[in-house]
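Now for the letters of each chain:
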Amino acid sequence: MAVTYEEFADSRLDALLRYAVMLTGDPHTAQDLVQETMVRVQLSWRRVAASDSPDGYVRKILTNQFIDLRRGSWLRRVLLRAEPDPIAAPSDHAQESAERDRIWGMLSRLPRRQRAALVLRYYEDLPDQEIADVLGCAVGTVRSSISRALATLRAELVEA
Amino acid sequence: MSPIDPSPIEEELRAAFARHEAETPAAGPLRAKIDIAWVRAKRRRRARRTAGVAAALLVATLPVPVLVERWQHSAPVTSDLLGTTSNSLHTVAGPVDVLLLGSDDRTAADTVTMVHVPADRSRAYLVSLPGDGAVRDAARLSTTLSTGGPKHTERVVSDLTGVDFTATVTVDFRAVRAVTEAVGGVQLCRPQSAGSGCRQVGPDDVTTILRGRYGTKNSRNDGDRNAHRFLRSLAAKLVADGAATDPLRLDRFLDAAGSGITIDGDAQALLQVAGSTRSAEVVGISAPSSHTLGDGREQIYPGVGPGLYEAIRSDRLAEWVRAHPAYVLT
């Protein structure tokens, strides 16, 4: 018995939202991204449900939508709306957290693919092979883009 | 990079992700927003689905280039939507003939049109054949669809004309009706020679118009002319509406094409040709008057038939059209 869209949304929406927050760095943009993704998912639910891993399939759709903004209306609704707010800095202990959060701000300046690769490895804890599946590239490409991203972050942290 | 001894930067990353987890918005309200967006998307999709069907129909008759390209490459599109079509599977050279059947109920072929695209791809000729046309076995052309399906109709027309068809495309009128409704109807205008004037036509007029029975006071030629005009207006409206250029709306095009359009034959070749005639002029050809036989059937292109068919087969329709201006729809 294939999973229904409702069951899927009930069990997975939280996790998708968390993932989208890590990707976009902004809760509002994350909501938009997840909403757009879920509407697409519903449009082709039969195909999603029939796949080996509906979960992985949806993560792939969401990731692609994040990376490739040229496709679809996400571009118009989000990208053209304005630059997403940087990071909503918490008002209390602002100074300390701003310092700690420098790495979070730097993430937003990475190329989207690199950021996605970092999130998939260090937040979703996926093995490189699965990251490669999500990003639709070779494992070697995943590794090299992660090490490039880490090098960029390291360099910026030292510089500052 | 070793997992045993993670570098500080990797630890910092994990920590940053963990810290920001707390910003994740609640799923409940979003779930409701998604449901609302989904209802809207479904409504749009319905309009889009039907728009796609009409566009597919028009592919065979009129230039709607982007749609063609999208269809040809099939989802998901990876290249630029307006990119070249030259990377398609194979290049079709020479003239191409397609048989276009329009059906109100998928049993009778209400319209039978030969589409001829010459080797130079400069234009597309639509040669209308009467549904009541007398064909072999004492049959009418329109009923061949119910007796043997599109392939049978194609064979019958091939036997009559000697033309080999690359493909036969069957279009469901219900789809066209739905599209007409989705775009809010179209203006059907008569040329000045016929007294001019426009009329708003809606979904209920579609079958009459496409069957060539609309405005046939003067001749059957008028009916075909109206059908062609109607399709042209519909195409123009679809393009103006943005259906042809919005990638999201195009997304569902494949599905849509599947539901209202059937292609028997070399679909790849057909679509490639349609893509290459993107800005082509469309020339409609129809008999100026009908000649009814004793049994109520109609003679198909009496007199000029053999010459017309020969012109199609030898790709010299341009000359034939110049010599027979009365047969050209304007």
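Please refer to the structure placed before this passage.
This is a predicted model, so every value here is computed, not measured. (Residues numbered from 1 in each chain as written. Chains lettered and ligands numbered in written order. Predicted model: local features only at pLDDT ≥ 70, side-chain atom pairs only at ≥ 80, totals over all residues. Heavy atoms only, no water.)

*Asks:* Just checking my understanding: could you explain the overall build of chain B for this structure?
*Replies:* When its secondary structure is counted, chain B shows twelve helices and eleven strands. The 330 residues of chain B split such that 52% are buried. Here the contacts in chain B between residues at least 6 apart in sequence split such that 66% fall between residues at least 24 apart. Entry remark: accessible area of chain B is about 14,600 Å², with carbon and sulfur atoms responsible for 52%. (Helix = DSSP H or I, 4+ residues; strand = E, 2+ residues; numbered from the N terminus. Buried < 20%, exposed > 50% of the residue type's maximum accessible area, 1.4 Å probe, protein only. Contact = heavy atoms within 4.5 Å. Areas by Shrake-Rupley, 256 points an atom, 1.4 Å probe, with all protein chains shown as cover.)

*Asks:* What is the right way to look at the packing of helix α8 (residues 112-122) of chain A against helix α1 (residues 8-20) of chain B in this model?
*Replies:* The description of two helices packed together rests on the angle between their axes and the distance between the axes. Across the interface, α8 of chain A lies against α1 of chain B with an axial gap of 10 Å and an inter-helix angle of 85 degrees. When the interaxial angle is binned, α8 of chain A and α1 of chain B end up roughly perpendicular. Note on element contacts: α1 of chain B touches α8 of chain A through Glu 10, Leu 13, Arg 14 and Phe 17 of chain B, opposite Leu 118, Val 119, Arg 121 and Tyr 122 of chain A. Per-class residue counts for the contact of α8 of chain A with α1 of chain B are five nonpolar, no polar and three charged. (Axes fitted to C-alpha atoms, helices over the stretch in contact; angles between N-to-C directions. Parallel < 35°, antiparallel > 145°, perpendicular 65-115°, else oblique. Nonpolar A, V, L, I, M, F, W, Y, C, P; charged D, E, K, R; others polar.)

*Asks:* Can you help me understand the packing of aromatic side chains in this one?
*Replies:* The geometry of an aromatic ring pair comes down to the distance between the two centres and the angle between the two planes. The tally for this structure, following the rule as stated, stands at six aromatic pairs over all chains. Relative to Trp 45 of chain A, the ring of Tyr 5 of chain A lies with its centre 5.8 Å away and its plane at 85 degrees, an arrangement referred to as edge-to-face. Taken together, the positions of Tyr 5 of chain A in helix α1 (residues 5-24) and Trp 45 of chain A in helix α3 (residues 45-50) put the pair 40 residues apart, joining distant regions of the chain. No difference in accessibility class separates Tyr 5 of chain A from Trp 45 of chain A, as the two residues are buried. Ring geometry for Tyr 123 of chain A and Phe 17 of chain B: centres 6.0 Å apart, planes at 65 degrees, overall edge-to-face. Highlighted residues: Tyr 123 of chain A in the loop between α8 and α9 (128-135) and Phe 17 of chain B in helix α1, drawn from two different chains. Summarising the burial analysis for this pair, Tyr 123 of chain A and Phe 17 of chain B share the class buried. Through pairs of rings, three or more aromatic residues link up here, namely Tyr 5, Phe 8 and Trp 45 of chain A. (Phe/Tyr/Trp six-rings, centres within 6.5 Å; stacked < 30°, edge-to-face > 60°.)

*Asks:* Before we go on, may I ask you to explain unusual backbone geometry in this structure?
*Replies:* Residues apart from glycine generally show negative phi values, whereas peptide bonds are mostly found in trans. Even without being glycine, Asp 137 of chain B reaches a positive phi, approximately 60 degrees. With respect to the element layout, Asp 137 of chain B can be found in the loop between β4 (134-135) and β5 (139-140).

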